[in-house]
Every structure is written in structure tokens, then in C-alpha cells.
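# A closer look at the structure
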Amino acid sequence: MATSLQPLVVICGATGVGKSKLGVELALGLVNQGHNRWRGARIINADSMQVYTGMNVATNKISPAERMGIDHLLMDFKRPGEQYLVGQWVHDAMQAINEIHNRNEIPIVIGGTSYWIQHLLFPNRLASDGPPSLSGDQHSDRFRSPIPEHFASKLPPDLLDLFDRLPEYAPSAINDPDGASLLYKLLQALDEPVAARWHWRDTRKVLRALQIIKEQGRTPSEIINEQASTPLFPRHKRRYRTLCFWLHAEQSVLDRRLDERVDDMIKNGLLQEIRELYEYARTSVDLEDGHCGEHDRNDFTVGIFQSIGYKEFYRFISDTDVSEGRFADAVEQTKHSTRKYAKRQVTWLRNKLLPAIHCVTAECRGKSSVAALYLLDTSALGESWISNVFQPARTIMNAFLNEEELPDPTTLSPLAQAMLTNVNKALSPSAVLEARRKVVCPLCTKNPSQPVMVECAGWEAHQRTRLHRRLATKAKGQISGVPWKHEASE
């Protein structure tokens, strides 16, 4: 059944599964073979690290030669330490999509930052649909406006002054733990449910929550509760007719592939890239915003400094001891972080994006032409790529663009059937907020203003850690009057 919504193709998945390769192949197919309406395609980057200039090897950017003449947008256009938030990307991506449609071309969004993609597809789950203002916009009217009385009355003088003068940049929990702790204390006073969602060290998220309170005069938890009472995909807010391809490989296969990729990255200049970024952070001063990189070179939560590899090799490149052992440790840490990141990406897709697509299909009475997701098995490469990935993707995309009936996603492969069935995850924003709630571990906390915080879901696992068990044994011994002795095995 025809719909007035414009088409959008999305390719998502963990790192190392071939997303860029498939995107270029599908785009070239539209360029070379044509379509009765669409004369080509352009690619929009949805990788939060590839928006930054530099670190091409570390972020695994597709090279100009590999792009085969296909335009790639929202890539390589932000300074290394510049903050770029999800709302800004959604705003920029929507502009790019509109321009691509006006050229009678198909936008293909590609990337592993599924959080960004999800907010592009489902417009009523951000605090604001517009691009968020940077906290440094101290000259805007909303930052000069009086603080609402119902907020001001909750705050002691020191927190009221902080709320009135929110910092331009989130303080580093490493370099300024006191500032980070005070910022978190402010959020606790204004919106305890959302404060419990974030760790006090996650200063960017804490600051953004405070910005929302100041900009909108409402707490994030109020906005979240309001969202929970609205449909995920209301008719009047639907943006696109969306086809998602989730590229996925068996975990053991992907782990080996990622380890080999790290080895290849080192051969292709990863260490030199990291040294250049370290030197940039050590010496640069951003004249436009006055933000000095010297302060933040070991803050791994800002800009491209979050990319895997920089933190893992930081000690190796910053210390005078450049032993082979330390280098080997950095390589292994990089591999471990990459594998762990890939698992988190898969978890997000299966627990967040997939249930959302299912929910949308249900709201639209089973119309897969409005939103559909297909898992393509990339466990085997070579010739298997053509039969398992490219050919089914091309066939499904052509049917999607022609608004024809689409096949059952679970029939594509045994892996698709296993991953796409029994999807039953909570989608309510308030339920998700409660599920990620954090608690303080009093045993492991040395400084009450900088507590050890653990997600409720991970509390039992935390109790089994060496440190917690050791401190629990010590506390029990002190209560019973038995002197506690440090065990050498710990």
C-alpha cells in the first residue's frame, strides 16, 4: 500500500561487520542500474567517532577509494575536542536526508551508533526535536531568564549559584572530581530519578540534564513520563518509511575478526595517529571557544578522545617507559575494548532498536512498508557475502522502494531466525529509566562525595568482585571483633 512518507535505508550493526561495504554496493546499484524514480544514493554517516577529523585508522573510516565516488555526508567535519550531541546529529541528518530526497536520490544512513539512529527514526523520544544549544550559549535569553521559583526553592545557596552559572563544558571527573561531584549533587537536588540513572562521573550526561531543566523549565523525568504516555510512532510525527539492515556475525567469528583488525590497524599507522592526537591535545587551544586542549588531553569522554585506542595507548605514549611489555598490554587492552564495544552494540540493537521496530509494525497494523528490519549474516565473507548479504539486501531494498510486499525477516537465515524471535523488551522510557537505576555501594565508597555507584541489575555481580568481597570480610571482622587480615591471594 502506497504511503506519502519518503524512503530511508539504514545499515546498522556492530563494528567490523561490513556496514560501509554494503552501503557503497547498494548505492552503486542505484547509480548504475537506476530506478523508475530514484537516480542514485548518498550515504550519511551515523558513527559518533567518524564525524571528527583525524584518527582515520582508529575509527575505521572508509577511504576515499573505497567510497567508489559515492558521497559520504556528516563525516570528517568536527574538530577533535568539539562536543557533538545526538540532537545536533539528528538535526543535521534530517537536513541531509531532505536534500538527498530533493535530488531524487535515496539516503542511506550507515553507522554503529544505534542510539543516534534510533532517535532519528523515532522523533518523540528526545527532550527536544531541535538541535540542542551548547551550554556555552551564555548570551541567549533563556540563560539570562530567572530561575523558576519551584527549582530555586529546592537549592541551597552554593547549588543555586551553580545552577545560575552552569559551566560551559562538563568538568572532567578525572581532573576535577570535586566539580563533577558538585554538578551531580545539583542534579540530585533537582531531579533525583534522572540523577540515579547516571554515574556522577558521567559529567556530560549530568550537565545535559541540567541544561534541559534550565532551557525548558521542566525536569527530564517529567519529560520522560510524558513520553511514556505517547505512542512510539505517532502518525503526525512519522518522518520516514524505513528499511533497516542489521549486519551481524557470530560472536566467536567477530571476535577473531576484530583482533585481526587491531593488528592491521597497528601496521597501518594507529600508533602514529594516537601520538598526533596526544600532541594536538597537549598543545592546542581552540581560539574560537577558548577551550584549551591541555586541560583535557587525558579526559576520555570528550570528542574523538573517546575513540577506542586513545585511552588504551595513552600511558604507553605519555610515559618515558616504552617497554615491549607495556606496548603488548596496550594492544591487548585495545582488542578487549573493541570486542566489548561490539557486544554492547549488539545488545543495544537487540534490546532497543529491534523491539522498537516491532512496536512500530504493531502500531501500523503490520505494515512492514512503514518500518522493517532484516538481519543479514556476515559470519562468512568472500563469495558468501554475495549470497548471504548483498543479493538479499538488494532484492529487499528494490521491493521496499517499489512499495511491494516484503519477505518475512526470520526466513533469511538460521541466524536471523534465532536473533529476531522472542523479542519482548520494555520500551517505555520510564521503565528503561528505572531499569538503569544506580545505587551506591557503601562498602566500596571511600569518599561519600565521590561514591562507587553500581547499576541495580549488576549489584549481585558487583558483590562477587574481589574488592567488594575483601571489604565485606574486613567489615564483618571489625563487627565481630576479629582482626581482619589481608589475604595474599587477593
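Above this text sits the structure in question.
Residues numbered from 1 in each chain as written. Predicted model: local features only at pLDDT ≥ 70, side-chain atom pairs only at ≥ 80, totals over all residues. Heavy atoms only, no water.

With that settled, consider the side chain of Ser114. With respect to the helices, strands and loops of the structure, Ser114 is situated in helix H3 (residues 114–121). The class for Ser114 is buried, based on a relative accessible area of 4%. In contact with Ser114, not counting residues within four places along its chain, are Cys12, Trp348 and Leu349. (Helix = DSSP H or I, 4+ residues; strand = E, 2+ residues; numbered from the N terminus. Buried < 20%, exposed > 50% of the residue type's maximum accessible area, 1.4 Å probe, protein only. Contact = heavy atoms within 4.5 Å.)

Even without a glycine there, the phi angle at Leu74 is positive, about 55 degrees. Despite not being glycine, Glu403 shows a phi value in the positive range, around 55 degrees. Mapped onto the secondary structure, Glu403 falls in the loop between helix H16 (383–401) and helix H17 (414–420).

As a further point, take the pairing of strand S1 (residues 6–13). Extensive coverage of S1 is indicated by the burial of 7 of its 8 residues. Taken together, the 8 bridges between S1 and strand S5 (residues 240–248) define a ladder with parallel strand orientation. Residue pairing across strands places Gly13 opposite Leu247, the latter belonging to S5. As paired elements, S1 and strand S4 (residues 106–110) share 3 bridges and run parallel to each other. Its bridge partner being in S4, Val10 is matched across the sheet by Val109. (Pairing = 2+ DSSP bridges.)

Tallied over the entire structure, the rule returns 10 aromatic pairs. Ring centres of Tyr84 and Trp116 lie 5.8 Å apart, and the angle between their planes is 80 degrees; this geometry places the pair in the edge-to-face category. In this pair, Tyr84 sits in the loop between strand S3 (72–73) and helix H2 (86–102) while Trp116 sits in helix H3, placing the two residues 32 residues apart along the sequence. Given the relative accessible area of 7%, Tyr84 is considered buried. Judged by centre distance (5.4 Å) and plane angle (55 degrees), the rings of Phe316 and Phe327 are tilted. Highlighted residues: Phe316 in helix H14 (residues 310–318) and Phe327 in helix H15 (residues 324–363), separated in sequence by 11 residues. On the basis of relative accessibility, which here comes to 7%, the residue Phe316 falls in the buried class. When its relative accessible area of 26% is taken as the criterion, Phe327 is described as partly exposed. Clustering of aromatic rings is evident, with ring pairs tying together Phe77, Tyr84, Trp89 and Trp116. Stacked on the ring of Phe163, the Lys or Arg Lys214 has its end atom at 5.8 Å from the ring centre. (Phe/Tyr/Trp six-rings, centres within 6.5 Å; stacked < 30°, edge-to-face > 60°. Lys NZ or Arg CZ within 6 Å of the ring centre and 35° of its normal.)

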